[in-house]
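Topology and contacts: notes
This is what each chain is made of:
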Amino acid sequence: MGKWFRKLWIGLLSGTAALVSCNLTAPQPCYYGPPPVDPTVDTATMSRKETLRQRIDAIRNILEERHNSEIYGPPEMMEEYERETQRLQAEADSLERELKGLE
């Protein structure tokens, strides 16, 4: 009886520890794709300048995270990461030129 109870107790503790460790991990940030859009903000009522500024800030934040991150993998993955970074940089530069044109 004692051995059976001890095995059951260890099993329950192990299962609980596994479930807790799986549920406590935070989701990793996504470095690919456009910045997420805040659904609470109505972009139709915002001015064009404010929309551009927010978009530029979001892209700059992604670029800063990408600049400080380390990439491990094959050369193809590193090249893809660099191409995506350059595309985001070009988009941010284009939006800044458009913003200066509006001002």
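Here's what I pulled together on the structure shown here.

Each value, and the rule that gives it
- Residues numbered from 1 in each chain as written.
- Predicted model: local features only at pLDDT ≥ 70, side-chain atom pairs only at ≥ 80, totals over all residues.
- Heavy atoms only, no water.
- Helix = DSSP H or I, 4+ residues; strand = E, 2+ residues; numbered from the N terminus.
- Buried < 20%, exposed > 50% of the residue type's maximum accessible area, 1.4 Å probe, protein only.
- Contact = heavy atoms within 4.5 Å.
- Areas by Shrake-Rupley, 256 points an atom, 1.4 Å probe, with all protein chains shown as cover.
- Expected span 1.5 Å × (residues − 1).
- Phe/Tyr/Trp six-rings, centres within 6.5 Å; stacked < 30°, edge-to-face > 60°.
- Lys NZ or Arg CZ within 6 Å of the ring centre and 35° of its normal.
- Lys, Arg positive; Asp, Glu negative; His and termini not counted.
- Salt bridge = Lys/Arg side-chain N within 4 Å of Asp/Glu carboxyl O.
- Polar contact = N/O pair within 3.5 Å; in protein donor to acceptor, adjacent residues only side chain to side chain.
- Arc of directions from axis to C-beta.
- Core = buried A, V, L, I, M, F, W, Y, C linked by side-chain atoms within 4.5 Å.

Here the focus is the overall build of the protein chain. Looking only at helices and strands, one finds three helices and zero strands in the protein chain. Element order for the protein chain, N to C, with α for helix and β for strand: α-α-α. Taken across its 103 residues, the protein chain has 15% of its residues classed as buried. Expressed as a percentage of contacts within the protein chain between residues at least 6 apart in sequence, the contacts between residues at least 24 apart total 74%. Element-wise, carbon and sulfur atoms account for 60% of the exposed surface of the protein chain, whose accessible area totals about 8,400 Å².

The subject of this paragraph is helix α3 (residues 75–102). Between its first and last C-alpha, α3 extends 41 Å over 28 residues, near the 40 Å set by a 1.5 Å rise per residue. Looking at α3, one finds that the buried residues are Y81, E84, T85, L88, A92, L95 and L99. In this fold, the buried residues of α3 make contact with α2 (48–67).

What follows covers the packing of aromatic side chains. Here the distance between the centres and the angle between the planes together describe a pair of aromatic rings. If you walk through the whole model with that rule in mind, you get zero aromatic pairs. Sitting above the plane of the Y81 ring, R66 keeps its charged end 4.0 Å from the centroid.

Moving on, we come to the side chain of R66. In this fold, R66 is placed in helix α2. Comment: no salt bridge for buried R66; closest opposite-charge side chain is E84, at 5.6 Å. Polar contacts involving the side chain of R66 include one to the side chain of T85, which spans 2.8 Å.

This part covers α2. Look at α2: 28 Å from first C-alpha to last across 20 residues, which is about the 28 Å you get at 1.5 Å a residue. The complete set of buried residues in α2 reads L52, I56, I59, I62, L63 and R66. Down the axis, α2 shows its buried residues gathered within 125 degrees of arc, on one side only. At its buried positions, α2 is contacted by α3.

What follows deals with the nonpolar core. Counting residues in hydrophobic clusters, the biggest one holds nine residues: L52, I56, I59, I62, L63, L88, A92, L95 and L99. Where this core is concerned, the elements lending two or more residues are α2 and α3. Here the element with the most residues in this core is α2; it accounts for five residues. Sequence-distant contacts of L52, defined by excluding residues within four places in its chain, comprise L95, E98, L99 and L102.

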